[in-house]
Amino acid sequence: MQKQPKTWRHNTFTMSLYTRSSALFLEAQKSIPGGVNSPVRAFKSVGGTPIFIQKAAGAYLYCEDQRSYIDYINSWGPMILGHNHPRVIEKIKSQLNRGTSFGTPTELETQMAEKIVSMVPGIDKVRMVNSGTEACMSAIRLARGYTEREKIIKFEGCYHGHSDAFLIQAGSGAATFGSPNSPGVTKGTAKDTLLATYNDLESVARLIAQNPDQIAAIILEPVAGNMGCVLPDDKFLPGLRQLCDKHKILLIFDEVMTGFRLALGGAQEKFGVLADIVTFGKIIGGGLPVGAFAARKEIMDFLSPLGPVYQAGTLSGNPIAMSAGLETLTILEETKPFEALEKTTEKLHQEIEILLKEKGVPYSINRLGSMFSVFFSSTKVVDFETAKLANNPMFSKFFHNMLENGVYLPPSSFETWFISTEIKDLELDKTLTATQKALSNL
Ligand SMILES: *Cc1c(COP(=O)(O)O)cnc(C)c1O
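Residues numbered from 1 in each chain as written. Predicted model: local features only at pLDDT ≥ 70, side-chain atom pairs only at ≥ 80, totals over all residues. Heavy atoms only, no water.

Draft legend 1. View of the environment of Phe-384. Looking at where Phe-384 falls in the secondary structure, it is placed in helix 12 (residues 384-387). Along the backbone, Phe-384 and Gly-228 are 156 residues apart, and their C-alpha atoms lie at a distance of 9.1 Å. Discounting chain neighbours no more than four positions away, the residues touching Phe-384 are Glu-156, Gly-157, Met-227 and Phe-414. (Helix = DSSP H or I, 4+ residues; strand = E, 2+ residues; numbered from the N terminus. Contact = heavy atoms within 4.5 Å.)

Written out as structure tokens, the structure is:
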């Protein structure tokens, strides 16, 4: 890591506190599209220049301009234990000495699969992949192969990675099928993805009725995190389960975000509703690129090399990634931090709510476990339509004010804040002080 002189921060000749980040961003844009390897990092929705991070530890990020931040992005979910957990780092280091990739089976992969099966209800077998995108993409191929049906239902505002079948928006007018929401996704692909409304069972029942015996799977985030945090109402998940059973449709819970975060067994455990296929990512890799999908034996045995549905990966089950993921899951199993995380989040909620009330801005807060969202809107957020009502300019200003005061929130009001176990009373206090200042400058 390159050390920068401490004096950078106090350089009075520059307009910005972020001289080095700005320079690095300019340089990055010459050779990387938009200067980033994933769009949200570019700060497009909040404006300004992304801050380049040099290192992290525990609850904190340290940027290239010698400032530190309390981290509520946590790499978009994986770092539930905070950054650089000593046990995880130790496991990675010891595996490094044995080699980084073999392309052969390893014992670590079986240990990982057994660990996941022991924690997650309703599954017998697991296949490891390298990202959440891959997990969801593979899960729907498996569902289609297993059911011999072609269409899937997804919900507006839910994100399942960037594979073609999911980059779909609501079709116009009376169309029952979606249309591509990115150039490069074909109309042919779009016609097989149907769009329903989150928390609206009627919208799902309608699509099933319009496409009899054609729906292979319904996929959703059992708690949505990619339109901000949006909770399922009491009837939603059980209702989907019933519809799926009635129409022989596979229910896929995308637990890339919620898996090992809401509980050891994820949303399935939290809500007592079982899916047919479950996808994972984020926490399961402990900060390395990992995803997975899992199901009962009869479904998973449809996969190659046992069954006809093809799926593969050169680096899948990579030993370094397995070491990091396995240790992270082991620590979660040993320490069961979920209640403590919920308490921290509850405290954050209560205190921020007091400040928002004092300030008199419209707000709506959603949270579950260690997932948390503030929407600047007086309308309760239950789906994508209501999420879109939030005041984005106000969030952008709030975001930058928080940054100035040492708190790194996700740079979009459609993203969830993640609380890690490293957020302690000190960090909460600092966050609330920052919030007070940020709101006073709105
Ligand atoms: C992050 C995310 C994905 C995509 O995972 P990647 O590892 O970014 O490909 C899929 N589904 C959900 C619910 C996610 O939050």
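Text resumes after the structure shown.
Draft legend 2. Up close: the site of the ligand. Surrounding the ligand, one finds Ser-131, Gly-132, Thr-133, Tyr-159, His-160, Gly-161, Glu-221, Asn-226, Asp-254, Val-256, Met-257 and Lys-282. Asn-226 places a side-chain nitrogen or oxygen 3.1 Å from an oxygen atom of the ligand. Tallied by class, residues from the shell around the ligand come to three nonpolar, six polar and three charged. (Near = heavy atom within 4 Å. Polar contact = N/O pair within 3.5 Å; in protein donor to acceptor, adjacent residues only side chain to side chain. Nonpolar A, V, L, I, M, F, W, Y, C, P; charged D, E, K, R; others polar.)

Draft legend 3. Expanded view of the sheet that holds strand 14 (residues 371-375). Taken in spatial order, the three strands of this open sheet run 13-14-16, and their pairing is antiparallel. Strand pairing shows two members of the sheet lacking a second neighbour, strand 13 (364-368) and strand 16 (417-418), which therefore form its edges. Taken together, the five bridges between strand 13 and strand 14 define a ladder with antiparallel strand orientation. Counted as the bridge partner of Arg-367 is Phe-372 from strand 14. Each of strand 13, strand 14 and strand 16 is contacted by helix 11 (residues 338-359), which is oriented at about 175° to strand 13, the strand it contacts most. (Pairing = 2+ DSSP bridges. Axes fitted to C-alpha atoms, helices over the stretch in contact; angles between N-to-C directions.)

Draft legend 4. View of the sheet that holds strand 10 (residues 250-254). Pairing is mixed in the open sheet, where seven strands are placed in the order 4-12-11-10-9-5-8. One side of each edge strand has no neighbouring strand; the edge strands of this open sheet are strand 4 (125-129) and strand 8 (193-196). Ignoring which end each strand starts from, the neighbouring axes of this sheet average 20° apart. Examined bridge by bridge, strand 10 and strand 11 (residues 277-280) share three bridges and lie parallel to one another.

Draft legend 5. How the structure looks around the nonpolar core. In this structure, Tyr-72, Ile-116, Phe-155, Phe-260 and Ile-284 are the most contacted members of the largest nonpolar core, which totals 100 residues. Sequence-distant contacts of Phe-260, that is, excluding residues within four places in its chain, are made with Ile-80, Ile-116, Met-119, Val-120, Gly-266, Phe-280, Ile-283, Ile-284, Leu-329, Leu-332 and Phe-338. Among the nonpolar cores identified, the runner-up in size contains 22 residues, and Leu-142, Ala-217, Ile-219 and Met-300 belong to it. (Core = buried A, V, L, I, M, F, W, Y, C linked by side-chain atoms within 4.5 Å. Buried < 20%, exposed > 50% of the residue type's maximum accessible area, 1.4 Å probe, protein only.)

Draft legend 6. How the structure looks around the packing of aromatic side chains. The final tally for this structure, using the stated rule, is 14 aromatic pairs. With centroids separated by 5.5 Å and ring planes inclined at 70°, the aromatic side chains of Tyr-69 and Tyr-408 adopt a geometry described as edge-to-face. Highlighted residues: Tyr-69 in strand 3 (residues 68-71) and Tyr-408 in strand 15 (residues 407-408), separated in sequence by 339 residues. The same class applies to Tyr-69 and to Tyr-408, which are both buried. Look at Phe-260 and Phe-280: their rings are 5.1 Å apart centre to centre, the planes differ by 35°, and that puts the pair in the tilted class. Taken together, the residues Phe-260 in the loop between strand 10 and helix 8 (266-271) and Phe-280 in strand 11 connect sequence positions 20 residues apart. A single burial state applies to Phe-260 and to Phe-280, both of which are buried. One aromatic cluster is present, formed by Phe-43, Tyr-69, Phe-395, Phe-399 and Tyr-408 through successive ring pairs. Positioned over the ring face of Tyr-62 is Lys-55, at 5.5 Å from the centre of the ring. (Phe/Tyr/Trp six-rings, centres within 6.5 Å; stacked < 30°, edge-to-face > 60°. Lys NZ or Arg CZ within 6 Å of the ring centre and 35° of its normal.)

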